[in-house]
Amino acid sequence: MPDFRYRSYNREGIAVEGDINATTREAALDWLARSGQYPVAIGERKSPPEVKWWQREVFASRYFSVATQALFTRELVSLVRANLPVHECLRLVSVQPMLPAKLRHVVRDAVARVAEGEALSEALAAQPNAFPEYYCRIVKAGETSGSLTECLDDLALHLERSAETRASVTSALLYPLILVIAALLAIGVIVLVLLPAITPMFADAGVAAPFIIRALDGLQNFLIDNKTLIFTISAGAVIAITVGSNRPDVRLIWDRGLLRVPVVARLIERRESGRLARTLATLLRNGVPLLEAVRVSSGVVSNIAMRKAVVAALDEIKEGGQLSTALMRSKLFSELLLRLVTIGEQTGQLDIMLLRAAEIYESALQRQMQRLTNLVTPVVTLMIGALVGGLILTVMNALISINDLALR
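Let me begin by describing the structure that accompanies this report. (Residues numbered from 1 in each chain as written. Predicted model: local features only at pLDDT ≥ 70, side-chain atom pairs only at ≥ 80, totals over all residues. Heavy atoms only, no water.)

1. Brief notes about the overall build of the chain
The following threshold applies: The helix count covers DSSP runs of H or I at least four residues long, the strand count covers runs of E at least two residues long, and both are numbered beginning at the N terminus. The classification of residues rests on relative accessible area computed with a 1.4 Å probe and restricted to protein chains. Under 20% of the type maximum is buried, over 50% is exposed, and intermediate values are partly exposed. Contacts are residue-level and defined by heavy atoms, with any inter-residue pair within 4.5 Å sufficient. The method behind every accessible area is Shrake-Rupley, applied with a 1.4 Å probe, and residues are considered shielded solely by the protein chains displayed.
Tallying secondary structure elements over the chain gives 16 helices and 3 strands in all. Looking at the chain residue by residue over its 408 residues, the buried ones come to 39%. Nonlocal contacts in the chain, meaning residues at least 24 apart in sequence, comprise 64% of its contacts between residues at least 6 apart. In the structure as shown, the chain presents an accessible area of about 23100 Å², 62% of it carried by carbon and sulfur atoms.

And the structure:
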């Protein structure tokens, strides 16, 4: 079904531009007449070109990144606040160059659907692997209550805060990762370039090489002689990990195990509690019923064990129970979250208490990541310095000993 681009005037004499998805030009004109518009120009619009291979995202995830969703939502809410038609707002957003090419194509498809009469939430939900369920649910709640601008604004704030938290965690891990990569490169140069050039010198001189050089040379020979076996084992391990990570039972065992590791468990608990609290609060603030809000919010919890605890809470809520009681039974959530949820349920301010919990957990997660970084960075630096420095000293001593033998 082709798209038609039109320019027209509405009953108030205001110029309007947009797109119509219709079978023929006459059908598009009929739609404009029925909607009270007077067309000035109309013509078939060419389909947008497919995303070229060099424009595709290399590491595409299930949905657009949180930062991308936040940017799109903030652009959209600024246009909706200006009282422009929704399909026109989407059309203007679709030409923003700062958005990824894939998102612009998704928005263009949503423009055609909204122009045909679909609701914004339905048009966004129809895009495969674009926006998570809670996103579309909040938009739908805003359309139902007539407060789409406020809902989009809340959603943009929620996404911006989530993106900020993720960015701070990522930046905290970046420096130690760079140190490790640099150390591996340095070790690779020493083992693969320097040692093969030095080892034959000892054999020519008729003396034994130092222990470290002999050990590294033996390891290198072992890897070369058994490269097929090592490659097969490595490929099998990668396949097993990939397949196992996609199996719910294996993921459940793994995630439960992570919750028993002291430091890791605290990080996971704060991350998942912050996500759950902020998403649930945003849904409740925008009029989504508690049962539906809990069901949708469970999708943002990545730890399978904690997600199952949230899903299990649905049965108790259906029977008239409280969310705090249901979460308490799992023994996976901290006392602080349970206490704030209990207070919110008793005072009728559950969304406010959940937002407070989200702020506490997000701040605590950032502080803990910063402390870990401040502790791990010097330790990693010392270990890398000792390892690389030890290898360099060994090589230098070997070279000096060879020179001494040559002088004798």
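2. With respect to the packing of helix α6 (residues 133-145) against helix α11 (residues 262-285)
Short version of the rule: In this analysis an axis means a line fitted to C-alpha atoms, helices contributing only their contacting stretch, and an angle means the value between N-to-C directions, from 0 to 180 degrees. Roughly parallel covers angles under 35 degrees, roughly antiparallel covers those over 145, roughly perpendicular covers 65 to 115, and oblique covers all other angles. Note on convention: the crossing is left-handed when the near helix lies turned anticlockwise from the far helix by less than a right angle, right-handed when the turn is clockwise. All amino acids are sorted into three groups, where Ala, Val, Leu, Ile, Met, Phe, Trp, Tyr, Cys and Pro are nonpolar, Asp, Glu, Lys and Arg are charged, and the leftover types, Gly among them, are polar.
Put simply, α6 and α11 touch, their axes get as near as 9 Å, and they point 20° apart. Considering the angle they form, α6 stands roughly parallel to α11. When the axes of α6 and α11 are compared, the crossing they make is left-handed. Residue-level contacts link Tyr134, Arg137 and Ile138 of α6 to Thr279, Thr282 and Leu283 of α11. Each residue belonging to the contact of α6 with α11 can be placed in one class, and the counts come to 3 nonpolar, 2 polar and 1 charged.

3. A look at helix α3 (residues 86-94)
Of all the 9 residues making up α3, 7 are buried; the element is thus mostly covered by neighbouring parts of the structure. The set of residues buried in α3 consists of His87, Glu88, Cys89, Leu90, Arg91, Val93 and Ser94.

4. Focus: the pattern of salt bridges
Convention followed: A pair is scored as a salt bridge if a Lys or Arg side-chain nitrogen falls within 4 Å of a carboxyl oxygen belonging to Asp or Glu.
As enumerated under the stated definition, the model contains 19 salt bridges in all. A salt bridge links Asp153 to Arg81, with the nearest nitrogen and oxygen atoms 3.7 Å apart. Taken together, the residues Asp153 in helix α7 (residues 148-205) and Arg81 in the loop between α2 (66-80) and α3 connect sequence positions 72 residues apart. For Arg81, a relative accessible area of 44% corresponds to the partly exposed category. As a salt-bridge pair, Arg137 and Glu292 come within 3.6 Å of each other at their nearest N and O atoms. Of this pair, Arg137 sits in helix α6 while Glu292 sits in helix α12 (residues 290-297), and the two are 155 residues apart along the sequence.

5. Some thoughts on unusual backbone geometry
Although it is not a glycine, Asn83 sits at a positive phi angle of roughly 65°. Of note, Asn83 is situated in the loop between α2 and α3. Even without being a glycine, Lys331 presents a positive backbone phi close to 60°. Examined against the element boundaries, Lys331 turns out to sit in the loop between α14 (323-330) and α15 (335-347). Judged by relative accessible area, Lys331 falls into the exposed class, the value being 74%.

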